[in-house]
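Below, each chain spelled out in residue letters.
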Amino acid sequence: MARFIFITGGVVSSLGKGLASAALGALLQARGFTVRLRKLDPYLNVDPGTMSPFEHGEVFVTDDGAETDLDLGHYERFTGVAARATDSVSSGRIYSNVLEKERRGDYLGKTIQVIPHVTDEIKDFIRIGEEEVDFMLCEIGGTVGDIEGLPFFEAIRQFAQEKERGQCIFMHLTLLPWIKASGELKTKPTQHSVKELRSIGIAPDILVCRAEGPIPQKEREKLALFCNVRPEAVIAAQDLATIYEAPLAYHREGLDQAVLDAFRISPAPRPDLSRWEDVADRIHRAEGEVRVAIVGKYTDLEDAYKSIAEALTHGGMANRVRVKAEWIDAEIFEREDPAPHLERFHAILVPGGFGERGTEGKIRAAEFARTRKVPYFGICLGMQMAVIEAARHLTDVADAGSEEFDHEAGGRRFTPVVYHLREWVQGNEKVTRTPTDAKGGTMRLGAYDAHLKEGSRVAQIYGTTRIDERHRHRYEVDIRYRAALEEQGLVFSGMSPDGRLPEIVEHADHPWFIGVQFHPELKSKPFAPHPLFADFIRAAVEMSRLV
Ligand code: GLN
């Protein structure tokens, strides 16, 4: 039966709770334990699928087709454990479950209340799969004191109370501000935050404190005394040069030891940190640098393409080079020639996206990459744009476009080389959609198999002709254009098993031009870089030697 670690935050948001949870998961694995990480988010959206990446960062898709919080991406990148739909829940989902049960009459005429009905629903969620792992780490989004977070805090309090003694611990993440004038790290906000937590019945076992420097012994003792934790359970989280140093840094600070002590696991199994030592070594001893342009729409908020940025870093680690990724707003290329902007890069990546805005610019970026023989990686929308570019300029479909744009504009302006998929097969089931379906959770989502063409570049890169990758899209490249495009050298090298849906295209006569309908970035890890990203960066390194 799993032991539970509940991770909460206080003082301010954005302290890196997700990262701390992920790093702790990795450290427990290094000690030989199995783990699963979960995120409980207080917002009212049923899932992040309908939230703008501008506001909430990227949507992380699981194999089983859930649209989840980007913290699940951190969890996977640090532990390698594939996230599931049941690893992410929001207040919106909890309430919608409760209300559905109420409408069905499941509560037998009772008055429905936050306690016990909502809290019970949360506790049932936390318990899912508890028999499968040694440790279940549950992170609560937001900070203690937020109105909408209260049912979650109450639920984890009850949960720990109902479990046997010693089966649950609480870890609280806070900030120690540095006051320059007096040269002091201040503990008061942390004291207040713990007081808030204790007022709702939760006493933290471990304090993780973000601070600019080390925590002096005096402050450590003060925190221990006022917050009622052991001095060894006050863990400093200092700013790091890269997130992948977090497991080693937290280990040096004694986080995993403090957790095992809190559970009274003794003697503690010795950790094997070689995986993370190798990762740190690859980062610190990288030689040279390649520059990659990411031509997209959401260029203001780095979190919007979080997994892509990380996967590029992993690709760099595979080749022992640093990857400098620069975000370029695709709309610029609708007004200006892309050449002067793109010439200084060794590779171009066009990521996923929704809606028409910026697409003509992405098509121009694809054209630049194709004609100038610069490595090009098109992901989802980036693949669709590459196909439209080829259809317009290499075949006679001069007005090639996507139905996605015509839907928005109303009326038909393009020949739909990319069309709205209404019917497909998932496992043994047929799935159908109409253009007016609700927006949430209605795309082609999650892992689907693809068959790769023998001898193609992608088959070589993957080292196999059978793959599965995660999807999140509504539109598909129309195979009616396949013959004409292949005649011009755009090979359809990956297809759905039934042969109807193009999964991968590649230009045969090009050093590296690959478009994929899926999101390979979601499965890349620092200790296991995704083969497409590793090879893309290898091609960028080659390019950097040429220019
Ligand atoms: N908007 C495109 C579609 O729905 C691409 C989606 C994506 O890039 N994730 O097919």
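On a predicted model such as this, the values are computed, not experimentally measured, just so you know.

A. Up close: the sheet that holds strand β2 (residues 35–41). Judged by pairing direction, the sheet is parallel, and its 7 strands sit side by side in the order β5-β2-β6-β1-β7-β10-β11 without closing on themselves. Where the open sheet ends on each side, the last strands, each with one partner, are β5 (88–90) and β11 (234–238). Taking each pair of neighbouring strands and ignoring which way they run, the sheet shows an average axis angle of 20°. As defined by bridge partners, strand β1 (residues 3–9) adjoins strand β7 (residues 168–175) across 6 bridges and the pair is classed as parallel. Along β7, the bridge assignment pairs G9 with L173. The strands touched by helix α7 (residues 188–199) within the sheet are β1, β7 and β10 (206–211), with β7 carrying the most contacts at an inclination of about 145°. Against the sheet, helix α9 (residues 246–253) makes contact with β10 and β11, and its axis sits at roughly 145° relative to β11, the strand it touches most.

B. Up close: the packing of helix α1 (residues 17–30) against helix α3 (residues 71–79). Interaxial distance between α1 and α3 falls to 8 Å at its minimum, and their mutual angle equals 25°. On the basis of their axis angle, the class for α1 and α3 is roughly parallel. Of the two possible hands of crossing, α1 and α3 adopt the one that is right-handed. Two secondary-structure elements touch here, α1 through G18, L19, S21, A22, A23, G25, A26 and Q29 and α3 through D71, H74, Y75, F78 and T79.

C. Up close: the site of the ligand. Contacts to the ligand come from G352, G353, F354, C380, L381, Q384, E404, R472, H473, R474, Y475 and H519. In this structure, an oxygen atom belonging to the ligand sits 3.1 Å away from a main-chain N or O atom of L381. H519 has a polar side-chain atom sitting 3.2 Å from a nitrogen atom of the ligand. Look at the ligand: alone it shows 300 Å² of surface, and the protein chains cover 99% of it. Here the ligand occupies the second largest pocket.

D. View of empty space enclosed by the protein. All told, the structure shown has 1 cavity of 30 Å³ or more when counted by the stated rule. Quantified by volume, the largest cavity comes out at close to 50 Å³. Lining the largest cavity are R36, L37, L72, Y75, E76, T79, V81, A82, A83 and D87. The dominant element in the lining of the largest cavity, judged by the number of residues it contributes, is α3, at 4 residues.

E. Summary view of helix α20 (residues 531–546). Over its 16 residues, α20 runs 23 Å from end to end, which matches the ideal 22 Å to within 8%, given 1.5 Å per residue. Taken residue by residue, α20 has L532, F533, A534, D535, F536, I537, A539, A540, V541 and M543 as its buried positions.

F. Region of the structure containing the pairing of strand β18 (residues 423–426). As defined by bridge partners, β18 adjoins strand β19 (residues 429–432) across 4 bridges and the pair is classed as antiparallel. The partner of E423 across the bridge, within β19, is T432. Hairpin connection, β18 to β19: the antiparallel pair is bridged by 2 residues, and G427 has positive phi, about 60°.

G. Region of the structure containing the pairing of β11. Within β11, 4 of the 5 residues are buried, leaving the element largely enclosed by the surrounding structure. Bridge count for β10 against β11 is 5 bridges, and the pairing is parallel. Paired with A211 across the bridge in β11 is Q238. Each parallel crossover has a hand, and for β10 linked through helix α8 (residues 217–227) to β11 it is right-handed.

Rules of the game
- Residues numbered from 1 in each chain as written.
- Predicted model: local features only at pLDDT ≥ 70, side-chain atom pairs only at ≥ 80, totals over all residues.
- Heavy atoms only, no water.
- Pairing = 2+ DSSP bridges.
- Helix = DSSP H or I, 4+ residues; strand = E, 2+ residues; numbered from the N terminus.
- Axes fitted to C-alpha atoms, helices over the stretch in contact; angles between N-to-C directions.
- Contact = heavy atoms within 4.5 Å.
- Parallel < 35°, antiparallel > 145°, perpendicular 65-115°, else oblique.
- Left-handed = near helix turned anticlockwise from the far one by under 90°.
- Near = heavy atom within 4 Å.
- Polar contact = N/O pair within 3.5 Å; in protein donor to acceptor, adjacent residues only side chain to side chain.
- Areas by Shrake-Rupley, 256 points an atom, 1.4 Å probe, with all protein chains shown as cover.
- 1 Å grid on protein atoms, 1.4 Å probe; cavity = no way out; pocket = protein on both sides within 12 Å on 5 of 7 lines; lining within 4 Å.
- Sits in = over half its atoms within 2 Å of the grid points.
- Points joined across faces, edges and corners; volume = space filled by probe spheres on them.
- Expected span 1.5 Å × (residues − 1).
- Buried < 20%, exposed > 50% of the residue type's maximum accessible area, 1.4 Å probe, protein only.
- Right-handed = clockwise from strand over helix to strand, strands pointing away.

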